[in-house]
Amino acid sequence: MAPAARLRVVVLVSGSGTNLQALIDAASDPGFGVDIVAVGADRGRIEGLARAERHGIPTFIVRAPEFPTRAAWDTALAAAITAHAPDLVVSAGFMKILGPAVLGAHRVLNTHPALLPSFPGAHGVRDALAHGVKVTGCTCHWVDAGVDTGPIIDQRAVRVQDGDTEESLHERIKVQERAMLVEVLARLAATTGAGG
Ligand code: GRF
């Protein structure tokens, strides 16, 4: 019997890459069914890229300021991703809105540090804290043309504690976020495999 198809994944990062690290660790088990074929970023000198390099994963950087327009950047990013022929793109702390070239060519999922549809955007943790919610969390969703508006795949709840700062709350959310992302990828690899 032919071996089951493995899910080829490109991960996009802009910062510390702890979600990426969780996926790298999970993917070290062949049973996980996921190959991280490349890690892309919109900026250099970030820990996310260093994590990929330490694990021998190819990297690429497509910096928006180096392109005359946002559309040109989007087209270049789509081409850089396509070069690795992924089945799926994971935006894991990638701090730019993806455009139609990327979204037209690839299935993209994103992790967001709030319980969507509440608190979309770049400051989901800060906004939830400022609102005074007692429970927040994280969401994994398919990326569409909106900002954090695509279909929800999974969520985890996190209680806000007295005295929480944006940083302390975000750290607890990220613990849940990493576990959620690994579980979602395991499910997708098991149910869709390559080309599903
Ligand atoms: C995550 O909470 C992600 O949802 C948010 O930024 C954080 C990235 O963390 N957009 P890391 O780079 O994976 O450590």
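Our subject is the structure listed above.
Since the structure is predicted, the reported quantities are computational estimates derived from the model, not experimental observations.

Basis of the calculations
Residues numbered from 1 in each chain as written. Predicted model: local features only at pLDDT ≥ 70, side-chain atom pairs only at ≥ 80, totals over all residues. Heavy atoms only, no water. Near = heavy atom within 4 Å. Polar contact = N/O pair within 3.5 Å; in protein donor to acceptor, adjacent residues only side chain to side chain. Areas by Shrake-Rupley, 256 points an atom, 1.4 Å probe, with all protein chains shown as cover. Helix = DSSP H or I, 4+ residues; strand = E, 2+ residues; numbered from the N terminus. Buried < 20%, exposed > 50% of the residue type's maximum accessible area, 1.4 Å probe, protein only. Contact = heavy atoms within 4.5 Å. Arc of directions from axis to C-beta. Salt bridge = Lys/Arg side-chain N within 4 Å of Asp/Glu carboxyl O. Pairing = 2+ DSSP bridges. Axes fitted to C-alpha atoms, helices over the stretch in contact; angles between N-to-C directions.

Enquirer: Talk me through the site of the ligand; I want residue IDs and the actual numbers.
Expert: The environment of the ligand is formed by Ser16, Gly17, Thr18, Asn19, Gly93, Met95, Thr111, His112, Pro113, His170, Lys174 and Glu177. At a separation of 3.2 Å, an oxygen atom of the ligand approaches a polar backbone atom of Thr111. Measuring from an oxygen atom of the ligand, one finds a side-chain N or O atom of Glu177 at 2.3 Å. Taking 370 Å² as the accessible area of the ligand by itself, protein coverage stands at 90%.

Enquirer: Kindly report on the environment of Thr139, identifying the contributing residues and their values.
Expert: By the secondary structure assignment, Thr139 is in strand E6 (residues 135-142). Residue Thr139 is classed as buried on the basis of its relative accessible area of 0%. Residues Thr139 and Leu129, 10 residues apart in the sequence, show an inter-C-alpha distance of 16 Å. Excluding residues that lie within four positions of it along the chain, Thr139 makes contacts with Asn110, Thr111, His112, Ala114, Leu115, Leu116, Ile152, Asp154, Gln155 and Met180. Separated by 2.7 Å, the side chain of Thr139 and the backbone oxygen of Ala114 make a polar contact. At 2.9 Å, the side chain of Thr139 and the side chain of Gln155 are in polar contact.

Enquirer: So what's going on with the environment of Ala85? Residues and values would help.
Expert: Mapped onto the elements of the fold, Ala85 is located in the loop between helix H3 (70-82) and strand E4 (88-91). Ala85 sits in the partly exposed class, given a relative accessible area of 45%. Residues Ala85 and Val10 lie 75 residues apart in sequence; the distance between their C-alpha atoms is 8.6 Å.

Enquirer: Any chance you could break down helix H2 (residues 47-54) for me, citing the residues and the numbers?
Expert: Among the residues of H2, Gly48, Leu49, Arg51 and Ala52 are the ones counted as buried. Buried residues of H2 fall within an arc of 155 degrees about the axis and therefore sit on the same side. Each element contacted by the buried residues of H2 is listed here: strand E1 (7-13), helix H1 (18-27), strand E2 (34-41) and strand E3 (59-61). Looking one or two residues beyond H2, the residue adopting positive phi is Gly56, at roughly 70 degrees.

Enquirer: Give me the side chain of Asn19: which residues, what numbers.
Expert: Checked against the element boundaries, Asn19 lands in helix H1. With a relative accessible area of 7%, Asn19 lands in the buried category.

Enquirer: Which residues make up the pattern of salt bridges, and what values go with them?
Expert: What the rule picks out here adds up to 10 salt bridges. Arg43 is the partner of Asp42 in a salt bridge, and the nearest nitrogen-oxygen pair spans 2.9 Å. The class for Asp42 is buried, based on a relative accessible area of 4%. We note a salt bridge from Asp42 to Lys96, for which the minimum N-O separation is 2.9 Å. Of the two residues, Asp42 is situated in the loop between E2 and H2 and Lys96 in the loop between E4 and helix H4 (100-105); the sequence distance between them amounts to 54 residues. A relative accessible area of 22% places Lys96 in the partly exposed class. It is possible to trace a salt-bridge network through shared partners that takes in Asp154, Arg156, Glu183 and Arg187.

Enquirer: Provide a residue-level description of unusual backbone geometry, including the pertinent values.
Expert: Backbone torsion omega between Leu116 and Pro117 reads 10 degrees, so that peptide bond is classified as cis. As for its placement among the helices and strands, Pro117 is situated in the loop between strand E5 (108-112) and helix H5 (124-131).

Enquirer: An account of the sheet that holds E6 is needed here, citing residue identities and associated values.
Expert: Strands sit in the order E3-E2-E1-E4-E5-E6-E7 across an open sheet of seven strands; the sheet is mixed. Both edges of this open sheet fall to E3 and strand E7 (152-159), since each of them pairs with a single strand only. When strand polarity is set aside, the average angle formed by the axes of neighbouring strands in this sheet is 20 degrees. Of the pairings in the sheet, the one linking E1 to E4 comprises four bridges and is parallel in character. When the bridges of E4 are listed, Val9 appears paired with Leu88.

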